[in-house]
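These are the residues of each chain, in order.
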Amino acid sequence: KEVTIRETFGGVLQPGSLNGTPGRLTVGSPQSPTEVRLYGGTFMFSARGSAVPGTDYGQLVSYGDVHLGQNALYLFLDFDTYVPQPGESLTIISTTGEIKGQFIQGTSMTVGGITYKITYNKNSVVLTRSTALHGTAFQDHDADGFRDAVDQGLVGRTVFLDGNNNGVLDGSEQRTFTDAAGRFT
């Protein structure tokens, strides 16, 4: 069995009701696995309140593979009632099958000035609010690990969150540049 969401037929899969109220959408059952396929559509995710899955945030639960293809992820966050805290994670898709593909946003997206990391696991897609990093890059002349009066800030340096720990700045990783004093946020 298969559920297909195509752009040509409205193309929006939104767990919960059509008015934006979050909820859980369960597809299939352990006895009758059902694949979910999104083709050129949008997965609309809503969150509000205390962020209890299936109650305060939209969640797709599937008993079969979930094919994301090249679909858009749209976040609707009700900041009047819910603001995700740094490091907080929300599982937006879970399956007993496998997650196949990614949303067109790749591994991160920014909504309302807040950046979320999108993690694709074998059986789930998780949004995690990124934490803010700030500091100063400087030349540590005496190599003591502390900024002394003689240690000048490094200007125009790239600072990035190495999400996959490979020591290389990849296209989807968050980055910023140091200012005239070596500061970054």
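So, how was this worked out
Residues numbered from 1 in each chain as written. Predicted model: local features only at pLDDT ≥ 70, side-chain atom pairs only at ≥ 80, totals over all residues. Heavy atoms only, no water. Helix = DSSP H or I, 4+ residues; strand = E, 2+ residues; numbered from the N terminus. Buried < 20%, exposed > 50% of the residue type's maximum accessible area, 1.4 Å probe, protein only. Contact = heavy atoms within 4.5 Å. Salt bridge = Lys/Arg side-chain N within 4 Å of Asp/Glu carboxyl O. Pairing = 2+ DSSP bridges. Axes fitted to C-alpha atoms, helices over the stretch in contact; angles between N-to-C directions. pLDDT = per-residue confidence, 0-100. Phe/Tyr/Trp six-rings, centres within 6.5 Å; stacked < 30°, edge-to-face > 60°. Core = buried A, V, L, I, M, F, W, Y, C linked by side-chain atoms within 4.5 Å.

Enquirer: Quick one: what's the story with the overall build of the chain, residue by residue and with numbers?
Expert: Broken down by element type, the chain carries zero helices and 16 strands. Put simply, the chain has 185 residues, and 37% of those count as buried. Pairs at least 24 residues apart make up 66% of the contacts formed inside the chain by residues separated by at least 6 positions.

Enquirer: Please provide a residue-by-residue account of the pattern of salt bridges, values included.
Expert: Considering all chains together, one arrives at three salt bridges under this definition. Note that Glu35 and Arg37 form a salt bridge whose closest N and O atoms lie 2.9 Å from each other. Its salt-bridge partner being Asp65, residue Lys100 comes within 3.6 Å of it at the nearest N-O pair. In this pair, Lys100 is assigned in strand 9 (residues 99–103) and Asp65 in the loop between strand 6 (59–62) and strand 7 (66–77), connecting sequence segments 35 residues apart. Since its relative accessible area comes to 33%, Lys100 is described here as partly exposed. Residue Asp65 is classed as buried on the basis of its relative accessible area, which comes to 17%.

Enquirer: Summarise unusual backbone geometry; cite the residues concerned and give the values.
Expert: Of note in this structure, Ala143 is not a glycine but carries a positive phi near 50 degrees. Among the structural elements, Ala143 can be located in the loop between strand 13 (135–136) and strand 14 (158–160).

Enquirer: Account for the sheet that holds strand 8 (residues 89–95), with residues named and values stated.
Expert: Think of a sheet as strands paired side by side through backbone hydrogen bonds, with each pair either parallel or antiparallel. Spatially, 3-6-8-12-11-10 is the arrangement adopted by the six strands of the open sheet, whose pairing is mixed. Each edge of the open sheet is held by one strand with a lone partner, namely strand 3 (24–27) and strand 10 (108–111). When the angles between neighbouring strand axes are averaged without regard to direction, this sheet yields 20 degrees. Note: strand 11 (residues 114–120) against strand 12 (residues 124–129), five bridges, orientation antiparallel. Its bridge partner lying in strand 12, Thr119 is registered against Val126.

Enquirer: Can you lay out the pairing of strand 5 (residues 42–47) for me, pointing to particular residues and giving the numbers?
Expert: Alignment of strand 2 (residues 12–13) against strand 5, held across two bridges, turns out to be parallel. Looking at strand 5, one finds that Val12 is bridged to Thr42. For strand 5 and strand 7, the ladder comprises six bridges, and the chain directions are parallel. Bridge pairing in strand 7 links Ala47 to Leu77.

Enquirer: With reference to specific residues and values, describe the confidence of the model for the chain.
Expert: Per-residue pLDDT for the chain has a mean of 82; in total, 86% of the residues score no lower than 70. Within the chain, the lowest mean pLDDT, 64, falls on strand 1 (residues 2–6), and the highest, 91, falls on strand 9.

Enquirer: Which residues make up the pairing of strand 7, and what values do they have?
Expert: Here strand 4 (residues 35–39) runs beside strand 7; their pairing, made up of two bridges, is parallel. Bridge pairing in strand 7 links Arg37 to His67. Where strand 7 meets strand 9, five bridges bridge the pair, whose relative direction is parallel. Its bridge partner being in strand 9, Gln70 is matched across the sheet by Gln102.

Enquirer: Tell me about the packing of aromatic side chains, and name the residues and values.
Expert: Scanning all chains against the criterion turns up two aromatic pairs. Ring centres 5.9 Å apart and planes at 35 degrees place the aromatic pair Phe43 and Phe103 in the tilted group. Here Phe43, found in strand 5, pairs with Phe103, found in strand 9; they are 60 residues apart in sequence, far enough to count as distant. Overall, Phe43 belongs to the buried group, its relative accessible area being 1%. Note on Phe103 and Tyr120: the rings are 6.5 Å apart at their centroids and 45 degrees apart in plane angle, and the pair reads as tilted.

Enquirer: Residue-level account of the nonpolar core, with values.
Expert: Membership of the largest hydrophobic core comes to 28 residues, with the highest contact counts inside it found for Phe43, Phe45, Leu68, Leu73, Ile93 and Val125. For this core, the secondary structure elements donating two or more residues are strand 4, strand 5, strand 7, strand 8, strand 9, strand 10, strand 11 and strand 12. For this core, the element with the highest residue contribution is strand 7, accounting for five residues. Residues contacting Ile93, with those up to four places away along its chain left out, are Phe43, Leu60, Val66, Leu68, Ile99, Phe103, Asn123, Ser124 and Val125.

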